[in-house]
Each structure stands twice: as C-alpha cells, then as structure tokens.
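What the coordinates show
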Amino acid sequence: ADITSTAGYECLIQHMNEGRKNCKEYEDFLKERASIEEKYGKELVNLTKKKPCGQTEINTLKRSLDVFKQQIDNIGQCHIQLAQTLRDEARKMEEFRERQKQERKKIEAVMDAFHKQKLNQYKKTMESKRNYEQRCREKDEAEQAVSRCKNMVNAKQQEKVFAKLAHSKVTAEAADKSYQQNINLLDKIREDWQKEHVSSCEFFENQGWERVNFFRNAVWTHVNQLSQQCVTIDVMCEEVRKAFEGCNIEKDIEYFAESHKTGNVPPAPVPYENYYNNQKRSPANAWNHGTPDIRRGQLPTPVTDDPAYATVGDFNVYQ
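Fair warning: this is a prediction, and the values are worked out from it, not measured in the lab.

1. Focus on the overall build of the protein
Looking only at helices and strands, the protein features five helices and two strands. The burial tally for the protein puts 24% of its 319 residues in the buried class. If you sum the accessible surface of the protein, you get close to 23,000 Å²; carbon and sulfur atoms cover 53% of it.

Shown next as structure tokens:
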C-alpha cells in the first residue's frame with residue numbers, strides 16, 4: 001500500500017543474490033574437488049615411478065605386474081584429467097553466474113532510478129500538499145479577519161484585510177494547482193514504475209528458472225563424470241585381472257629353471273691328488289660309480305580353496 005515501499009523488490013534482489021552466492025559455493029566446491037583429484041592423481045603417478053613392485057620377478061608374473069603398474073599410472077592420469085574437467089565445469093558455472101549478474105545489473109539500475117524518481121516525486125508532492133493546506137488555512141484566516149473587520153471604521157485597515165484575503169486566495173489557488181500537478185505527475189511515475197516493476201519481476205523469474213535449471217544440470221553432469229570415472233577405472237582394473245589370469249605358476253617356475261640351469265647332473269667330488277704321484281687317479285674309477293640323473297617331479301597343483309589365494313568379490317584367480 002505504501003507507494004515508497006520497496007520491500008517486495010528488495011526481497012527479490014536478496015533472493016537473486018542468494019542464488020548467485022549458491023552458484024559461487026558450488027563453483028568453489030568443484031575447484032576444491034579438482035585440487036584433491038589432481039593431487040591424488042599425481043601421487044598415484046609418482047607411486048608407480050618411485051616405488052618398485054616386484055621388479056625382479058620374471059616371465060608371466062613380471063608381465064602381469066607391469067600391466068598392474070601401468071594401469072595404476074593410467075588411473076592416476078585419469079584422476080588428473082578429471083581434475084581438469086571439474087575446473088572446466090567450475091569455469092562454466094562462473095561464466096553463467098557473471099552473465100546473470102551483468103544482465104541483472106541493467107535491470108537493477110533502471111529500477112533504482114525509478115525508485116529514486118518515485119521517492120523524490122512523492123516527497124515533492126507531500127511538500128506541495130502541506131503548502132496547499134497551509135495556504136488554505138491562511139485563506140480561511142483571511143476570510144475570518146474580513147468578517148471581523150466589516151464594522152471597523154478605519155478604512156485603511158479594512159483595505160489591508162481585503163488585500164490579504166485576495167492574496168491568500170491567489171496563493172491558495174496556486175498551491176492547489178501545484179499540488180494537483182504533483183499528484184498527477186506522481187501517478188504517472190507510479191504507473192511507469194509499476195510497468196517496469198512487473199517487467200523486472202518477469203526477468204527475475206526467468207533468471208531464477210535458468211539458474212535452477214543450470215545448477216541442476218551442472219550437478220547432474222558432475223555425477224555422470226564421476227560415474228564415468230568409475231567405469232573407466234573398472235576397465236583398467238579388468239585389464240589387471242586379465243593380465244593375472246595369464247600368470248602361470250608352472251611356466252614361471254620352469255622359465256626360471258631353464259634360464260638359470262647349469263647342468264643336468266650334480267658336480268663330481270674333487271679327488272685328492274698326491275703331489276709326488278705322477279699317476280693321477282681317475283675320478284670316474286675312484287669316485288663316480290654311475291651317479292643317477294636327478295629330475296624334478298610334477299609341480300604341485302594349487303588348491304582352489306586354499307585361503308592363501310586371494311578371492312575378492314566375484315573375482316578369483318582360478319576362474
């Protein structure tokens with residue numbers, strides 16, 4: 001009801017500012033999450049480079065461990081890429097927030113000008129009203145003075161009273177005219193302000209709709225990125241599982257034996273040789289009476305339910 005009140009408009013502005021603040025908070029959240037992802041990714045990459053992990057293993061187990069370390073490195077790189085993706089999303093939120101802010105500043109500038117004009121005109125109108133009422137009271141007082149001085153003998157005093165009455169009527173009429181003009185002008189300003197106020201409310205409503213929609217989609221995109229990250233990491237972990245499926249214990253043991261073998265018979269005893277004896281004893285006649293050929297038997301087959309072998313979830317090294 002109060003023509004000078006801006007409570008409704010200020011409520012809208014506060015709501016828009018709170019929305020902008022919420023966007024900034026989510027933007028900061030993404031930036032912080034990006035820093036965490038980047039730090040974690042770099043730590044994983046450094047881990048694979050600095051820390052040995054079965055570096056002296058051989059054959060299929062060595063190849064499996066190489067795949068394991070490579071995939072851990074890939075996972076680290078994946079987290080670093082996710083950090084950059086999150087920073088890009090934060091930048092999009094910042095650009096959206098700043099765009100809405102700049103668009104809203106234009107509307108706020110127009111509305112602030114209207115509020116100032118409306119308030120100034122209202123003050124001017126109320127001042128003209130007070131002036132008008134004061135002039136009307138002066139005219140009434142002048143009329144009463146004329147009524148009281150009708151029986152006065154002094155013509156000069158009567159003339160003075162009548163002149164004051166005439167003057168008060170002129171000033172009252174002028175004040176009345178000025179008051180009416182200010183009322184009409186204030187009403188026109190009020191109508192213009194009301195149109196602009198409705199237009200501003202519609203603009204703020206559209207911005208609110210756009211902000212909620214953008215915010216919702218931003219978070220939706222964020223969790224999709226995290227889901228994709230999990231899928232990608234699972235693919236890399238599957239590569240490690242496949243590599244270890246190819247790890248063959250028997251082949252590794254045989255590979256070690258073949259690559260390090262020194263012969264198929266044990267070494268013969270060292271014979272005693274008498275310095276003064278020119279005839280050396282034959283080691284074969286003296287010591288070797290047919291040493292048997294020692295061969296390894298069949299390697300033991302690992303028991304699938306042996307608790308020493310790892311089973312995680314549905315994944316078992318023997319499946």
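2. Some points on the nonpolar core
Counting 12 residues, the largest nonpolar core consists of Cys-23, Tyr-26, Leu-30, Ala-34, Leu-82, Ala-83, Leu-86, Ala-90, Met-93, Phe-96, Phe-215 and Ala-218. Elements supplying a minimum of two residues to this core: helix 1 (7–50), helix 2 (59–148) and helix 3 (155–245). Per element, the largest residue contribution to this core is six residues, and it comes from helix 2. Other than its neighbours up to four places away in sequence, Phe-96 contacts Cys-23, Glu-210, Arg-211 and Phe-214.

3. A closer look at the packing of aromatic side chains
One pass over the structure, following the stated rule, counts six aromatic pairs. With a centroid separation of 6.3 Å and 40° between ring planes, the pair formed by Tyr-9 and Phe-204 is classed as tilted. Of the two residues, Tyr-9 is situated in helix 1 and Phe-204 in helix 3; the sequence distance between them amounts to 195 residues. Accessibility assignment for this pair places Tyr-9 and Phe-204 in one class, buried.

4. Some words on the packing of helix 1 against helix 2
At a minimum axis distance of 8 Å, the contact between helix 1 and helix 2 shows a crossing angle of 165°. In terms of orientation, helix 1 and helix 2 fall into the roughly antiparallel class. The way helix 1 lies across helix 2 gives a crossing that is left-handed. Along the lines of polarity and charge, the residues of the contact of helix 1 with helix 2 split into 20 nonpolar, eight polar and 19 charged.

5. Considerations on the packing of helix 2 against helix 4 (residues 249–260)
Contact geometry of helix 2 with helix 4 gives a least axis separation of 7 Å together with a crossing angle of 115°. Two secondary-structure elements touch here, helix 2 through Asn-59, Thr-60 and Leu-61 and helix 4 through Lys-251, Asp-252 and Tyr-255. Its residues assigned to classes, the contact of helix 2 with helix 4 comprises two nonpolar, two polar and two charged.

6. A few points about unusual backbone geometry
A positive phi angle, near 55°, is found at Asn-59, a position not held by glycine. Tracing the chain through its elements places Asn-59 in helix 2. Classification of Asn-59 as buried rests on a relative accessible area of 15%.

7. A few points about the environment of Met-16
Mapping Met-16 onto the fold places it in helix 1. A relative accessible area of 5% means that Met-16 is categorised as buried. In the structure, Met-16 is positioned 191 residues away from Gln-207 in sequence and 8.3 Å away in space, judged by C-alpha atoms. Once you skip the residues sitting within four places of it in the chain, Met-16 turns out to touch Arg-104, Phe-204, Gln-207 and Gly-208.

8. Observations regarding helix 4
Taking 1.5 Å of rise per residue, 12 residues should cover 16 Å, and helix 4 covers 17 Å from first to last C-alpha, within 8% of that figure. The residue sitting at the N-terminus of helix 4 and contributing the capping side-chain oxygen is Asn-248; that oxygen lies 3.0 Å from the backbone nitrogen of Glu-250.

9. Quick look at the confidence of the model for the protein
When pLDDT is averaged across the protein, the result is 84; 85% of the residues are at 70 or more. Every residue in residues 283–296 scores below 50 in pLDDT, and together they form 12 contacts with partners more than four places removed in sequence or on other chains. Low pLDDT, under 50, characterises residues 306–312; the stretch is placed with six contacts to residues that sit more than four places away or in other chains.

10. So, the side chain of Arg-97
By secondary structure assignment, the location of Arg-97 is in helix 2. Residue classification places Arg-97 among the buried positions, given a relative accessible area of 8%. A distance of 2.9 Å separates polar atoms of two side chains, one belonging to Arg-97 and the other to Glu-27. Not counting residues up to four positions away in its chain, the partners in contact with Arg-97 are Arg-20, Cys-23, Lys-24 and Glu-27.

11. Examining the pattern of salt bridges
For the structure shown, the criterion picks out 21 salt bridges. For Glu-27, the salt bridge identified is with Lys-31, shortest N-O distance 3.1 Å. In this pair, Glu-27 and Lys-31 both sit in helix 1, four residues apart, roughly one turn of the helix. On the basis of relative accessible area, Lys-31 is assigned to the partly exposed category, the value being 37%. Salt-bridge contacts for Arg-190 lead to Asp-187; the nearest nitrogen and oxygen are separated by 2.9 Å. One end of the pair, Arg-190, and the other, Asp-187, are both in helix 3, three residues apart, so they sit about a helical turn from each other.

What counts, and at which threshold
- The numbering scheme is per chain: residues are counted from 1 as the chain's sequence reads.
- Only residues with pLDDT of at least 70 get local features here, since the model is predicted, and only at 80 or more are side-chain atom pairs given and counted; chain-wide, interface and lining totals rely on the full set of residues.
- Note that the side-chain values use all heavy atoms of the structure and ignore hydrogens as well as water.
- Think of it this way: any DSSP run of H or I at least four residues long counts as a helix, any run of E at least two long counts as a strand, and we number them from the N terminus.
- The rule is simple: take the accessible area with a 1.4 Å probe, protein chains only, and divide by the maximum for that residue type; under 20% is buried, over 50% is exposed, in between is partly exposed.
- Using a 1.4 Å probe, accessible areas were evaluated by the Shrake-Rupley method; residue-level cover was limited to the displayed protein chains.
- Among buried residues, the Ala, Val, Leu, Ile, Met, Phe, Trp, Tyr and Cys ones that are joined through side-chain atoms within 4.5 Å form a nonpolar core.
- Two residues form a contact once any of their heavy atoms are found within 4.5 Å.
- In this analysis, rings of Phe, Tyr and Trp, with Trp reduced to its six-membered ring, are considered paired at centre separations within 6.5 Å, and the interplanar angle assigns stacked below 30 degrees, edge-to-face beyond 60, and tilted for intermediate values.
- For helices, the fitted axis covers only the stretch in contact; all axes are lines through C-alpha atoms, and the angles between them, taken along N-to-C directions, range from 0 to 180 degrees.
- For classification purposes, an angle smaller than 35 degrees is called roughly parallel, one larger than 145 roughly antiparallel, one from 65 to 115 roughly perpendicular, and anything else oblique.
- We call a crossing left-handed when the near helix sits turned anticlockwise from the far one by less than a right angle, and right-handed when that turn is clockwise.
- Lys, Arg, Asp and Glu make up the charged group, whereas Ala, Val, Leu, Ile, Met, Phe, Trp, Tyr, Cys and Pro make up the nonpolar group; the residues left over, Gly among them, are polar.
- One less than the number of residues in a helix, times 1.5 Å, gives the span that helix is expected to have.
- Under the rule applied, a polar contact is a pair of N or O atoms within 3.5 Å (in protein, one hydrogen donor and one hydrogen acceptor; residues adjacent in sequence only if both atoms are side-chain atoms).
- Predictor confidence is given residue by residue as pLDDT, running from a minimum of 0 to a maximum of 100.
- Salt bridge, as used here: a side-chain nitrogen of Lys or Arg that lies within 4 Å of a carboxyl oxygen of Asp or Glu.

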